[in-house]
Amino acid sequence: MGKRNVLIEGVSGTGKTSICDALLCRGFHAIHGDRDLRSGATHDSASLSLSHAERAAFVHAQANWDVPKVLNHLENSQRPVSFFCGGFRNHEELVGLFDLVFVLEVDRDTLMRRLEARSDDEFGGKPAEKALIEKLHFTGEDMPNGAIPIDARNPIDQVADDVVKICRQFGFVS
């Protein structure tokens with residue numbers, strides 16, 4: 001097991017990619033889960049016949065992390081702390097392996113404003129995807145239980161400061 005492993009989760013549009021970039025700029029080991037840990041999602045031809053809403057739900061449900069890749073990173077004890085930033089649906093397999101779990105939270109208006117700025121080729125850029133994300137934001141059904149909430153409405157540097165401060169309180173960073 002790595003020395004300390006921290007998960008940063010949140011619905012699409014809460015700032016997981018931005019917080020990962022901010023942590024990398026500060027010299028921390030941070031992994032873009034949405035880019036680097038995704039398993040090979042199956043976008044079979046049957047999904048093409050789905051409605052926009054059904055297709056958004058299908059794509060979202062396929063957003064799993066590759067368990068062996070994650071375990072490989074978790075087992076690397078050469079770094080004092082590793083931050084895993086991204087959303088994934090196979091929480092039950094992995095969430096218990098992290099030392100700390102954060103969930104980035106924003107209000108509905110902030111979330112919708114961020115999603116409106118997305119292009120169609122980014123998840124959350126299409127109307128059906130926005131509707132799904134809004135539902136998941138409202139219900140919280142897609143987030144790991146017992147996570148530490150982080151107010152992600154603030155500027156990204158302040159959000160990164162908040163994460164690092166809590167990690168420092170737990171003795172994960174100096």
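Keep in mind that what you see is a predicted model, and the values were worked out from it rather than measured.

Thresholds, definitions, all that
Residues numbered from 1 in each chain as written. Predicted model: local features only at pLDDT ≥ 70, side-chain atom pairs only at ≥ 80, totals over all residues. Heavy atoms only, no water. 1 Å grid on protein atoms, 1.4 Å probe; cavity = no way out; pocket = protein on both sides within 12 Å on 5 of 7 lines; lining within 4 Å. Points joined across faces, edges and corners; volume = space filled by probe spheres on them. Helix = DSSP H or I, 4+ residues; strand = E, 2+ residues; numbered from the N terminus. Nonpolar A, V, L, I, M, F, W, Y, C, P; charged D, E, K, R; others polar. Salt bridge = Lys/Arg side-chain N within 4 Å of Asp/Glu carboxyl O. Buried < 20%, exposed > 50% of the residue type's maximum accessible area, 1.4 Å probe, protein only. Axes fitted to C-alpha atoms, helices over the stretch in contact; angles between N-to-C directions. Parallel < 35°, antiparallel > 145°, perpendicular 65-115°, else oblique. Contact = heavy atoms within 4.5 Å. Pairing = 2+ DSSP bridges. Phe/Tyr/Trp six-rings, centres within 6.5 Å; stacked < 30°, edge-to-face > 60°. Core = buried A, V, L, I, M, F, W, Y, C linked by side-chain atoms within 4.5 Å.

## A closer look at empty space enclosed by the protein
Point 1. Scanning the entire structure with this criterion turns up one cavity of 30 Å³ or more.
Point 2. Taken together, Lys16, Thr17, Cys20, His32, Gly33, Asp34, Arg35 and Cys85 make up the full set of residues lining the largest cavity.
Point 3. Contributions of two or more residues to the lining of the largest cavity are made by helix 1 (16-25) and helix 2 (33-36).
Point 4. Among the residues forming the lining of the largest cavity, the class breakdown is two nonpolar, three polar and three charged.

## Considerations on the pattern of salt bridges
Point 1. Overall, the coordinates contain eight salt bridges when judged by the stated rule.
Point 2. The partner of Asp109 in a salt bridge is Arg108, with the nearest N and O atoms 3.7 Å apart.
Point 3. The partner of Arg108 in a salt bridge is Glu134, with the nearest N and O atoms 2.3 Å apart. Of this pair, Arg108 sits in helix 6 (residues 108-116) while Glu134 sits in helix 7 (residues 127-139), placing them 26 residues apart in sequence.
Point 4. The partly exposed category is assigned to Arg108, whose relative accessible area is 42%.
Point 5. Under the relative-accessibility criterion, Glu134 is labelled partly exposed at 25%.
Point 6. One connected set of salt bridges, linked through shared partners, spans Arg26, Asp157 and Asp161.

## Description of the packing of helix 1 against helix 8 (residues 156-169)
Point 1. Between helix 1 and helix 8, whose axes approach to 9 Å, the crossing angle comes to 70°. Overall, the two elements helix 1 and helix 8 adopt an arrangement that is roughly perpendicular. In this structure, helix 1 uses Ser18, Ile19, Ala22 and Leu23 to contact helix 8, whose residues at the interface are Ile156, Val159, Ala160, Val163 and Val164.

## Let's talk about the sheet that holds strand 4 (residues 100-105)
Point 1. The parallel open sheet is built from five strands, whose spatial order is 2-3-1-4-5. Looking at the sheet topology across the chains shown, the edges are occupied by strand 2 (29-32) and strand 5 (148-151). Shown here is a sheet whose adjacent strand axes are inclined to one another by a mean of 25°, direction ignored.
Point 2. Against the sheet, helix 4 (residues 67-74) contacts strand 1 (5-9), strand 2 and strand 3 (82-85), and its axis sits at roughly 155° relative to strand 3.
Point 3. Against the sheet, helix 8 engages strand 1, strand 3, strand 4 and strand 5, with an angle of about 150° to strand 5.

## Points about the environment of Pro149
Point 1. For Pro149, the position within the fold is in strand 5.
Point 2. Taking the C-alpha atoms as reference points, Pro149 and Glu105, 44 residues apart in sequence, are found 6.5 Å from one another.

## Brief notes about the packing of aromatic side chains
Point 1. Within this structure, the stated rule accounts for four aromatic pairs.
Point 2. The interplanar angle of 20° and the centroid separation of 4.0 Å between the aromatic rings of Trp65 and Phe88 together place this pair among those described as stacked. Of this pair, Trp65 sits in the loop between helix 3 (52-61) and helix 4 while Phe88 sits in the loop between strand 3 and helix 5 (91-94), placing them 23 residues apart in sequence.
Point 3. Under the relative-accessibility criterion, Phe88 is labelled buried at 0%.

## Here we look at the nonpolar core
Point 1. If you look at the biggest cluster of nonpolar residues, it comprises 34 residues, and the most contacted ones within it are Val6, Ile8, Ile19, Leu23, Phe83, Phe102 and Cys167.
Point 2. Of all the elements in the fold, those that place two or more residues in this core are strand 1, helix 1, strand 3, strand 4, helix 6, helix 7 and helix 8.
Point 3. Residues in contact with Cys167, not counting those within four places in the same chain, are Val6, Phe83, Leu100, Phe102, Phe172 and Val173.
Point 4. Counting 11 residues, the second largest nonpolar core, distinct from the first, contains Leu7, Leu74, Leu94 and Val101.

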